[in-house]
Each structure stands twice: as structure tokens, then as C-alpha cells.
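Read off the chains here:
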Amino acid sequence: MTFRPSTLAELSELISASATRGKSLRIVGRGTWLDGGEAVRANAEPLHLDAFGGIIEYEPGDLTITVGAATTIAELDAVTAAHNQWCPLSPWGGNAGSVGATIATATAGPYAQALGLPRDHVLGLEIVDGTGKVLRPGGKVVKNVAGFDLVRLMTGAWGTLGAITRVSLRLRARPAVDETWVVEVDAMRPIDAGGAFRQCSTPPLACALVPDGLRASFGLGEHAHLVVRIAGNAGYVSAARAAVAAFGRAHAIDAGIWTALREAPPVPAVRVPMAAGVRSLNARIKSAFDPANILNPGIMG
Amino acid sequence: MATILPTGRVTGKTYIASGSMTAIQYHIVKLSAASTAAVAGANDPVLGVLKNKPADAGQALQVVRALAQHGTPFVPRGAGTGLSGGALADGTVLLGLQRLKRILEIDPVRRIARVEPGVVNATLTKAATPFGLHYAPDPSSQTACTLGGNLAENAGGPHCLKYGVTLNHVVGAVVALPDGEVVTLGDPHGKGEAGGYDLIGAFVGSEGCFGVAIELTVKLTPNPERIVTLLADFTSINDAAMSTSAIIAEGILPAALEMMDQATIGAVEASIYAAGYPTDAAAVLLVEVDGAAAGLDDDVQAVDRICRAHGARDVRIATEPAARARLWQGRKKAFGAMGRIAPHLVVQDAVVPRTRLPALLAQIAVIGEKHRVKVCNVFHAGDGNLHPNIPYDAGNADESARVHAAMQEIMLACIDAGGTITGEHGVGLDKLAYMDQLFSPDTLDAMCRLRDVFDPDRRANPGKVVPVRYCREWKAPNRRQMTDGAKP
């Protein structure tokens, strides 16, 4: 059976009833990364959240936005670009996925090093927990320490504590000048070059090694290449450009390379083992928010 | 040196035993006979540690475990500079962590520092200076407040506009849970992600209710190449507020963007912290622009232009450290300067969407007039974080009532404007009454559920942050005979 609730009340009722009956649910946003993370238990029934989309509140002057969780990254980018703003979520995986899934999986992107992880961009959430209760932690203002931080708890919880239905995010103004360059670097030490560039006085907005599979489609030779995004006012970018050139042969390139880079297959994260005490806290959190263990069971161990 | 209190009977009184700043600082109310006897035995090593405060993490852990064994509630405290009553310890044992003040490691390559919780915020920055680094969150109390307290409160500060709050700078922590178990949250040693929930994210800002951080790993930030501080002077507070939004809208992200109103300027200029602010201005904006030298002056000129276009009479630009420090002194010491106006001061902390600032400031002025109180606004305008403070005499019952009424109206106005009740000071005891104006019963109940994961007995900083009525299955009466000082 597949569920597709169209209102918050329906979703709440559905989760509450599933908890009572012990029926597992698998939360699906845009369905772009269904094999992400560990496989959900096979008997879990798909719960589609695509009804929870759309821009709910956007006041450009506040540089904040509230969207339905099923809003795609592409929609978020388009609506904010119209006001010369952006949200640096831009997750690995591309623009087809939903904001809700990006937050649920805490998927970062190339701008995380400079501008922060998803947890740093989320201001507030609306979530239906594993008992069907609607929770609204956080808010829509950029600074908020009211109450225990359920927002950070739910960010990266992979939908195992609740289904995210709304997300409030912090935005940024688009930089006046924004350029992407590729630079040829020592094949043996490409990461060192990236590290060194990040430590220079005009650090980049993003800096990544071009994967082998992408070099040909962007006309790059066999050499190792770093792709660098430099952004700021004209004076800053001019200095940053000089810094890029100092690292090796460089040329400007279409910013579309970032999308291609983000769409490239992800490198699986290497997990270190969880200590017993931390594992126990995790288990207690799961049972506090999803006591019937029906939401994405098995996905977080 | 104070004598050791209390004796082995239930007294119902508060004992504050403090001979000097380093002597006993703990309060015990209505401990059960058993736990009092255990904690207060004449030669009890735990009491000995409490008396002098734990000297290291091992001793702190020893105390936490003894308290767990006896089911005794406790409040962890750093420097006690908090502004929401979060570290008040009436009815509980006060666990002072100020002696845990070792900087364990500064790694200039990874740009992190490992510290004990009692390290003073500014001390870490001083230690990081030789490496060209600093600790970015800078609460106004940074020369006194501890990093452990900052972690507990998710402290902010003027430079959080650009650099983020404490949450954004804590990599991990070693935490003594209230039951005495030690867990490592986050990834303090850079070993890699262990998966699981964002426990360090949940722990930061938990106001001492989730346990005691006995070691913190925090990020260090490269010092900016160049810093310029501007002081813009306005004849209308509305113009100053409009300039704030215009600066941000232009795409400039200042390191700090602070506003002070005429009442605050007057208080500062009459004090020893006088910073040369124009006393006839309706408001001043203190704007700091920092970062790479390249392009920085373009931003400085843009800020200057925007302020003048919005009616600034004058814009002063300071580039030399001494001149910048003088401009900042008035802002950083503004709360202290207000202390000269009246014997007491209510410090408030609320946030509104930045575009609502002009309307809110007008509304606050009306509320102040209505209740005949003097509101001094000094705040982080860039992120809409208001501090409407009211100097008053707490001995005057009528004035106290008016101050209380005005504060309540201001807070409700901020909530109505889509804001929140605290941006950086925490809920503590002070904001408990507003929590259910902001959050639904289900959301508050969920916060209690999270607290119970870390502290099922609710012994760590009991009665703070979430009104007790939302925390079901409150087990206090039979487990221990303590009063819950925070029942709303």
C-alpha cells in the first residue's frame, strides 16, 4: 500500500494509526535518493509527502524563507534568485531532490566548507513525530535559543523521528561578482592545493577536485584539476582571481560545472563505530519520538 | 572560610556557604536526610570537592556520580554571568566549574581548540592570537563568561551576525550525563562521523539540563586581515532601523551591526565607558566590516553611503585598533553603564524579523510611555535581536509592577511579530512564562521527551527552560524532597 496524505491532519492521523497498528512507513519526498543510506526495512509502506510543497512565506528583506518540505532545491533556488538571494544548501545529488530530504539527511554540498552545513541554515521545522504529534520547534528568525533544540535533533535524523513537512531557512544575498575557475594542480597533491587555497586571504566559496569522469565533458585534459568558485565584491574577486592563478594554469569555466559535480555519484561516507554510550542515547531518542519504531525503521541502525 | 552546612536533617532553608569567592558556593535546600548525610559527612570527599569546587574533570565527575547516587539535583555553573537565571541554584547543589580552566590543545592546522569548560571566552582568543586565530562568538561578558556556560546557553554576541552563534563553533564535547556516564558527543577528535543523531547539536543550548560538559572542542576562526568600524549617527531611530535592512539588502554582511538608542547613548556617555557617541543622536549604528583587505573599502564606502542616504548626520570611520576599541567599549559595557541609572536593571532579549524592527521599536516606545518606564535599547540590529532594557528600583513596588507589565507587553509584541523570546540569553527561569506563548503543548512535551533522554530523573538544572507542567511523569516528590522553584 502507498500513502499520499494531502493535509497535515491526514498525515498526523496516518502516522498515529500506523503506530497503533505497528505498520512501518518509509518516508518519500521526491524519490530521488531512495537507496540513500542504509536500506529501509522491506515491509515499510511508502509514505509520499509530495503534497507538502510550495513557498509558504518569503520576506526577502529578512533573508528568510519558509517552504513546504517537498519543495525541490530547484524551486528554492529559482524563487530566491528572483530576489537576488540564495540558500547555500545546494546539496550533493543535485537540484531535483526536496528541501525536506536535504534537511532530513543533512546532505551538505560544495558550499558547506565556507558557509556551513544544513544544520547551520535551518531556522525552524514542522514535523509529525512517530506518534502523530505535530511539532513546531525553532522559528523563522535568524537567532533563536528558545527551548531544547529539536531542530538540530531532527536535522540529519533521516526521517526516523518524524516526517518533516515545513522548513524555515536562512538565505544570503547573492554576491555581486561570482566566478568559477578551474586550475591545474599537482596530480600527487590536489587536496593539499585545495587546503592551501582555503587558507589564503581570499578564501573561495567552494573548492573541489574535478572527478575523473567529469574532466572530459568540461574539456579538461588528463591533469588533476581543482574547480574553484570565488565570490564577493569586485575588489575581492579580483584578488581571489590572482590567488587562483598563483596555484597553476587556470581558466574561467561555466558555473554549470557545480551542478554536474553535485550530480556525480556520491562517495559513500566512512563511518566510525559508535561508542556504547552514544548508541544508547540514540536508541533512547528513537524510542522517545517513535516508540512504535514505524518511521524509516532500520535506516539508522 | 565558611563552615560546612547543612547538618543531617531536613531543614527547608537555603544555605549559602561562601567565605570568599573561592570558598564554598553551594546551596542546599531540603535534601533528604539520607542524601544530606551522605553529601555533608564531615570527611566526605565529595563535599570537600564541592567546597573548593572541582579542580579537574575527574573531580567534577566524582561529584556528578555522588549526586547521581543520592538522587540529588544540581546546577552546573560557569562564571554565573548568564542573564536568564539559568544558573540559579536555589534548592539544589551548585556545581561550580570555574576551576576547570585548562586549555588542553590548540591545533592551528585543524583550527580547533580543546578546552575545559571553565576557560574564559576571551582567554581562549588570547591563547589563539599567536596563531592568527580567535574564538568567534563574543558575548558582551566575554572577559568573564566561560566556554562551558557559552555552550550551555548557545551564547551569541555582536559578531554572530557574520560568524554564527556558539552552535556553529562547537565541534564536540565530552559530557558527564547526570547519571554519571561519560559520553563523547560530536566529533571532537576529527576521527570521522559515527552516524546517529546530532547529539552535540541537541546538547548545545540545553542550559545545563542535559548534563555537564567536562571538555569542549571548538572551532577557531582566522583573524580578519582588516577591520573597519563605522559609527553612523541618526536623528531618527526609524532611519537607523531602515539603514540596517538596506545594508543587508545590498548584499553586505557586516561582522557586526549594532544599534543603540538615545537612552543607551546617554547612559554610556555619562559613565566611565564614554565612547564619544553623540548624545543628541536619536540612535547610532555601530557597523563593523571585516575580512580580506581586498575589496573591504568598497563595503565600507557602501555602508557609509547607505547610512547617509537614510538620513545619517555623520558617519565616523575607525580603522586603528585604539579608535575601534573605543567605539566598541561603549557598546560592550552598555549594560554596565545602565547600572548607574537605577539600582536595578531588567535585561531583555528577544528577536524579530529584521524588517519588523522599525515597527517594533515604535511599539516599544509606546509601551514604555504607557507604563512610564525608561526603555534603553541596545541590540544586534543586523539579526533583529533586541535588548530592550529597563533600569528601575526593585524596592519600589509600583515601579516594579509597571516594569513587569511593560516587559510582558514587549515580549508579546515580539512574538506577535513572528519573533522569539530569546536570541542568545536562554530561557532559564526568566522566560519560562513565555514558552507556551511560543510553542504548542505538543512541542513543549517533545522538548521534555528529549530532556528525559539525557536526564530521566530531571536532576540537572531542574525546573528550567520548559515549564514543568509540560513535563509529564514528574517524579520529584517521592525521589527526593525538593521544591521545584520554577513552577510557573
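Residues numbered from 1 in each chain as written. Chains lettered and ligands numbered in written order. Predicted model: local features only at pLDDT ≥ 70, side-chain atom pairs only at ≥ 80, totals over all residues.

*Asks:* Would you take a moment to explain the overall build of chain B for this structure?
*Replies:* Looking only at helices and strands, one finds 17 helices and 20 strands in chain B. Per-residue burial for chain B yields a buried fraction of 57% across its 488 residues. Taking the contacts inside chain B whose residues are at least 6 apart along the sequence as the reference set, 68% of them involve residues at least 24 apart. (Helix = DSSP H or I, 4+ residues; strand = E, 2+ residues; numbered from the N terminus. Buried ≥ 20, exposed ≤ 12 C-beta atoms within 10 Å, placed from the backbone. Contact = placed C-beta atoms within 7 Å.)

*Asks:* Is there a simple way to think about the overall build of chain A in this case?
*Replies:* Along the backbone of chain A there are 11 helices and 13 strands. Relative to its length of 301 residues, chain A is compact, with a C-alpha radius of gyration of 21 Å against a globular reference of 19 Å. Counting only C-alpha atoms, chain A reaches 65 × 40 × 35 Å along its principal axes. Residue burial in chain A is summarised as follows: out of 301 residues, 50% are buried. Restricting to contacts in chain A with at least 6 residues of sequence separation, those with at least 24 account for 70%. (Rg over C-alpha atoms; globule rule 2.2 N^0.38 Å.)

*Asks:* I'm lost on unusual backbone geometry in this one. Help?
*Replies:* Glycine aside, negative phi is the norm for most residues, and most peptide bonds take the trans geometry. All names here are of chain A. Of note in the backbone geometry, asparagine 84 takes a positive phi value of approximately 60° without being a glycine. Structurally, asparagine 84 can be placed in the loop between helix H2 (73-81) and strand E5 (85-86). By the C-beta count within 10 Å, which is 13 here, asparagine 84 ends up partly exposed. Even without a glycine there, the phi angle at asparagine 293 is positive, about 55°. For asparagine 293, a count of 16 C-beta atoms within 10 Å gives the class partly exposed.

*Asks:* Is there a simple way to explain the domain arrangement of chain B in this structure?
*Replies:* Often, the extent of an interface is quoted as the loss of accessible area on bringing the components together. Segmenting chain B into domains produces domain 1 (15-96), domain 2 (103-222), domain 3 (224-338), domain 4 (342-431) and domain 5 (432-479). Distance between the C-alpha centres of domain 3 of chain B and domain 5 of chain B: 41 Å. (Domains from an automatic or database assignment.)

*Asks:* Even after reading the chapter, I still don't get the sheet that holds strand E7 (residues 134-135) of chain A, so can you show me in this structure?
*Replies:* Hydrogen bonds between backbone atoms are what pair the strands of a sheet, whose relative direction is either parallel or antiparallel. Residue and element names in this part refer to chain A. Pairing within the open sheet is antiparallel, and its 5 strands lie in the order E3-E4-E8-E6-E7. Since the sheet does not close on itself, it has two edges, and those belong to strand E3 (55-59) and E7, each with one partner. Inspection of the sheet shows strand E6 (residues 122-129) paired to E7 by 2 bridges, in the antiparallel sense. Pairing of isoleucine 127 across the sheet is with leucine 135, part of E7. Across the sheet, helix H1 (residues 8-21) is in contact with E6, E7 and strand E8 (162-170); its angle to E8 comes to roughly 140°. (Pairing = 2+ DSSP bridges. Axes fitted to C-alpha atoms, helices over the stretch in contact; angles between N-to-C directions.)

*Asks:* Where do I start with the sheet that holds strand E10 (residues 177-185) of chain A in this structure?
*Replies:* Residue and element names in this part refer to chain A. Taken together, the 4 strands give an open sheet; going across it, the order is E11-E12-E10-E13, and neighbouring strands pair in antiparallel fashion. Among the strands making up the open sheet, the edge pair consists of strand E11 (206-209) and strand E13 (250-252). Pairwise comparison of adjacent strand axes, ignoring direction, gives a mean angle of 20° for this sheet. With 3 bridges joining them, E10 and E13 adopt antiparallel strand pairing. Residue tryptophan 181 lies in a different strand from E13, and its bridge partner there is alanine 252. The sheet strands contacting helix H9 (residues 234-245) are E10, strand E12 (224-232) and E13, and the helix crosses E12 at an angle near 165°. Its contacts with the sheet put helix H10 (residues 256-263) on E10, E11 and E12, and the angle it makes with E12 is roughly 125°.

*Asks:* Which parts of the structure should I look at to understand the interface of chain B and chain A?
*Replies:* Across the boundary between the two partners, chain B contributes 65 residues, which contact 60 residues of chain A. Every element with two or more residues in the side of chain B that touches chain A is listed here: strand E9 (182-186), helix H7 (199-203), helix H8 (237-249), helix H10 (296-309), helix H15 (435-438) and helix H16 (441-454) of chain B. In terms of residue count, H16(B) provides more of the side of chain B that touches chain A than any other element does, 9 residues in total. Classifying every residue of the side of chain B that touches chain A gives 25 nonpolar, 25 polar and 15 charged. (Nonpolar A, V, L, I, M, F, W, Y, C, P; charged D, E, K, R; others polar.)

*Asks:* What should I look at first to understand the environment of Arg459(B) in this one?
*Replies:* Residues and elements named next belong to chain B. Position of arginine 459 relative to the elements: it lies in the loop between H16 and helix H17 (476-479). For the pair arginine 459 and threonine 244, spaced 215 residues apart in sequence, the C-alpha to C-alpha distance is 43 Å. Aside from chain neighbours lying at most four places away, what touches arginine 459 is Gly71, Thr72, Pro73, Phe74 and Pro178.

*Asks:* Even after reading the chapter, I still don't get the nonpolar core, so can you show me in this structure?
*Replies:* As a rule of thumb, soluble globular proteins bury nonpolar side chains together. Formed by 210 residues in total, the largest nonpolar core has its most connected members in Ala173(B), Val175(B), Val284(B) and Leu285(B). For Val284(B), the residues in contact, after removing those within four places along its chain, are Leu231(B), Ala232(B), Asp233(B), Phe234(B), Met260(B), Ile265(B) and Tyr277(B). (Core = buried A, V, L, I, M, F, W, Y, C linked by C-beta atoms within 7 Å.)

*Asks:* What is the right way to read the pairing of E3(A) from this model?
*Replies:* Each regular strand shows side chains that alternate between the opposite faces of the sheet. All names here are of chain A. Alignment of E3 against strand E4 (residues 64-68), held across 4 bridges, turns out to be antiparallel. Paired with tyrosine 58 across the two strands is isoleucine 65, which belongs to E4. Turn length for the E3-E4 hairpin, with the two strands adjacent in sequence and antiparallel, is 4 residues, and the turn residue leucine 63 shows positive phi of about 55°.

*Asks:* Sorry if this is basic, but what is going on with the environment of Glu269(B) here?
*Replies:* Relative to the helices and strands, Glu269(B) resides in helix H9 (residues 262-269). In this structure the C-alpha to C-alpha distance between Glu269(B) and Ala334(B), which are 65 residues apart in sequence, comes to 9.5 Å.

*Asks:* I would appreciate a short explanation of the packing of H8(B) against helix H13 (residues 357-370) of chain B in the present structure.
*Replies:* To describe two helices that pack against each other, one gives the angle between their axes and the distance between the axes. All names here are of chain B. Relative orientation of the contacting elements H8 and H13 amounts to 155°, with a least axis distance of 9 Å. In terms of axis orientation, H8 runs roughly antiparallel to H13. For the crossing formed where H8 meets H13, the hand is right-handed. Residue-level contacts link Ile237, Asn238, Ala241, Met242 and Thr244 of H8 to Leu357, Pro358 and Leu361 of H13. (Parallel < 35°, antiparallel > 145°, perpendicular 65-115°, else oblique. Left-handed = near helix turned anticlockwise from the far one by under 90°.)

*Asks:* Looking at this structure, how should I read H10(A)?
*Replies:* A turn of α-helix holds 3.6 residues, and therefore any two residues three or four places apart point the same way. Every buried residue of H10(A) is accounted for by Ile257(A), Trp258(A) and Leu261(A). One face of H10(A) carries all of its buried residues, which in axial projection span an arc of 105°. (Arc of directions from axis to C-beta.)

*Asks:* Would you explain the domain arrangement of chain A in this entry?
*Replies:* Residues and elements named next belong to chain A. By the assigned domains, chain A splits into domain 1 (8-173) and domain 2 (177-261). Once you take the C-alpha centre of each, domain 1 and domain 2 turn out to be 31 Å apart. Contact with domain 1, which involves 6 residues of that partner, is made by 8 residues of domain 2. Each residue belonging to the side of domain 1 that touches domain 2 can be placed in one class, and the counts come to 3 nonpolar, 3 polar and no charged.

*Asks:* What is the right way to look at the environment of Ala51(A) in this model?
*Replies:* Looking at where Ala51(A) falls in the secondary structure, it is placed in the loop between strand E2 (45-48) and E3. A sequence separation of 19 residues divides Ala51(A) from Ala70(A), and the C-alpha atoms of the two residues are 7.1 Å apart.

*Asks:* What's the story with the packing of H13(B) against helix H14 (residues 397-416) of chain B in this structure? I'm lost.
*Replies:* Residue and element names in this part refer to chain B. Where H13 meets H14, the axes come as close as 10 Å, and the angle between the chain directions of the two elements is 160°. In this view, H13 runs roughly antiparallel relative to H14, as classed from their interaxial angle. Of the two elements, H13 crosses H14, and the hand of that crossing is right-handed. Across the interface between the two elements, Leu360, Gln363, Ile364, Ile367 and Gly368 of H13 pack against Ala406, Glu409, Ile410, Ala413 and Cys414 of H14. Classifying every residue of the contact of H13 with H14 gives 7 nonpolar, 2 polar and 1 charged.

*Asks:* Sorry, what's going on with the pairing of strand E8 (residues 170-176) of chain B here?
*Replies:* All names here are of chain B. In terms of burial, E8 is largely enclosed, as 7 of its 7 residues are buried. The pairing of E8 with strand E10 (residues 212-219) spans 6 bridges and is classified as antiparallel. Across the sheet, residue alanine 176 finds its bridge partner in E10, namely valine 212. Examined bridge by bridge, E8 and E9 share 5 bridges and lie antiparallel to one another. Along E9, the bridge assignment pairs valine 175 with valine 183.

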